Amino acid sequence: MKHCCRRSTKCLASRPSDSRLARPIKRMLSRYSSLMIVLHTNISRCYQAMSTFHQDGGSKHFMSVGFGRVVLGVVLVMSISAASYTAPSSSALTEENLLFLEAWRAVDRAYYDKSFNGQSWFRYRENALRNEPMNTREETYAAIKKMLSTLDDPFTRFLEPEKLKSLKSGTQGALTGVGLSISYPMAINGSPTGVAVMTATPGGPAEKAGILPGDIILAIDNRSTEDMDIYDAAERLQGPEGSSVDLSIRSGANIRHVVLARQTVTLNPVRSRMCEIPGAKDSSKIGYIKLTTFNQNAAESVKEAIKTLRDSNVKSFVLDLRNNSGGLFPEGIQIAKIWMDKGVIVYICDSQGVRDIYEADGADTIAASEPLVVLVNKGTASASEILAGALKDNKRAVVYGEPTYGKGKIQSVFGLSDGSGLAVTVARYETPAHTDIDKVGVIPDRPLPSSFPTEEDAFCSCLRDPTAACNLNAAQLFTRS
């Protein structure tokens, strides 16, 4: 497997001390305010060909948005920017042509594969302006989508204005929808068609209707999901509060229809409890923390859970990342720093090597010494994989479960002048051990019993009852051998 390595010494020496990705992230982490539209500029001559990040002195959000709120398994750099393009002086260029050129320019500057899937990107632009109809906004959108399809990259995609709004809303802590996190079916159980349920938000309409992780959504409002784009499915599940959506659900061999009323669903990212295990000596009290998403509240919620559990004299922790499909990138970094006092968290790479390194320095650490177990499964994706990989490779935690989803691509979101946007793949990431997890996932240290539950109450029961099929020996839970 090819790993990314450092860039040349000459290039590294000539760039600013803060790299162009680390700088906006550090700024954003210190000034975590609302999303802002920012300008696009080059930062370093070493990266002129790959310049994709934008600044105007304001803050930014870097995110990996989980499917179901919107998308699955990609680390997304949310740098909503005006991807402006200075067109050649020509009276023949229309407003629609200029919008197309904005999109072309964003990809030209940002896309991580500078071969553009083996084609001349400039020649494509010239041919498209000559041959593609762009007389209406719909035709221009179609031309942009056709252009992006030539990259053969499902994660570089066009976002209509409403889809861009939906993407941004998924990390704000609440959504108006049915409370489902969804994915492509292969991420759950290998089913060839439909849209798979990863999680149902506790107390949300879907959970109340008995929809479970692993269920397959076959149709939304009588429209088959067989060939439906995952982002289209997420948009269809959302809607005005009080409106209804008709779902066709397959649970195992059974198919049923449910009508759900959309409501504002608060995305509480953390659930926790204390499990007391009789006779387990030092590990008699285990703090269980279930992290369901990486929204704006995630890191603080994890800190609060740790402090509350410590008040109950908890001496060790279990961090459950199963079916957590992602969220804000910096929240993943911050949560890693909670558990780590030193070490690399993640490498950000492009075609030229390591672009940026994120490390723990102890400044934000509050739980670096207690024994820690991390639980993962196929629904663990994106920011969850960054966190699990960091804790595993630094030997900070023992990881239990099954290989994770395996999406290691990073995207930046560019806002276009009409309110639409693009999500463009700009880089990939590797774990601290230089493992490229794309299409592979994070490999756990140990498996979990097939009957191991996902509910926190049942988790405690499995630790307490040595005769249960799902039992894990609490005394050996935190040991690697």
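Residues numbered from 1 in each chain as written. Predicted model: local features only at pLDDT ≥ 70, side-chain atom pairs only at ≥ 80, totals over all residues. Heavy atoms only, no water.

A. Summary view of the sheet that holds strand β14 (residues 316-320). The sheet built from five strands is open, its strands ordered β12-β13-β14-β18-β19 with mixed pairing. This sheet does not close on itself; its edge strands, each paired only once, are β12 (270-276) and β19 (398-401). With strand direction ignored, the average angle separating the axes of adjacent strands in the sheet is 20°. As paired elements, β14 and strand β18 (residues 372-376) share four bridges and run parallel to each other. Following the sheet pairing, Asp320 is matched in β18 by Leu375. Here helix α9 (residues 298-311) sits on the sheet and contacts β12, β13 (285-291) and β14; the angle it forms with β12, its principal contact strand, is near 20°. On the sheet, helix α11 (residues 383-393) packs against β13, β14, β18 and β19 and is oriented at approximately 140° with respect to β18. (Pairing = 2+ DSSP bridges. Helix = DSSP H or I, 4+ residues; strand = E, 2+ residues; numbered from the N terminus. Axes fitted to C-alpha atoms, helices over the stretch in contact; angles between N-to-C directions. Contact = heavy atoms within 4.5 Å.)

B. Local environment of the packing of α9 against helix α10 (residues 329-339). Running from N to C, α9 and α10 cross one another at 25°; their axes reach a closest spacing of 8 Å. The orientation of α9 with respect to α10, classified from their angle, is roughly parallel. Here α9 and α10 pass one another in a crossing that is right-handed. Of α10, the residues touching α9 (which contributes Ala298, Ala299, Val302, Lys303 and Ile306) are Glu331, Gln334, Ile335, Ile338 and Trp339. In the contact of α9 with α10, the residues fall into seven nonpolar, one polar and two charged. (Parallel < 35°, antiparallel > 145°, perpendicular 65-115°, else oblique. Left-handed = near helix turned anticlockwise from the far one by under 90°. Nonpolar A, V, L, I, M, F, W, Y, C, P; charged D, E, K, R; others polar.)

C. Spatial organisation of helix α3 (residues 95-110). The end-to-end C-alpha distance of α3, which contains 16 residues, comes to 23 Å, matching closely the 22 Å that a straight helix rising 1.5 Å per residue would cover. Across the 16 residues of α3, 12 count as buried, placing the element largely inside the fold. When we look at burial in α3, the residues that qualify are Glu96, Asn97, Leu99, Phe100, Leu101, Glu102, Ala103, Trp104, Ala106, Val107, Arg109 and Ala110. The elements touched by buried residues of α3 are α4 (121-131), α5 (137-149), β20 (409-415) and β21 (421-430). (Expected span 1.5 Å × (residues − 1). Buried < 20%, exposed > 50% of the residue type's maximum accessible area, 1.4 Å probe, protein only.)

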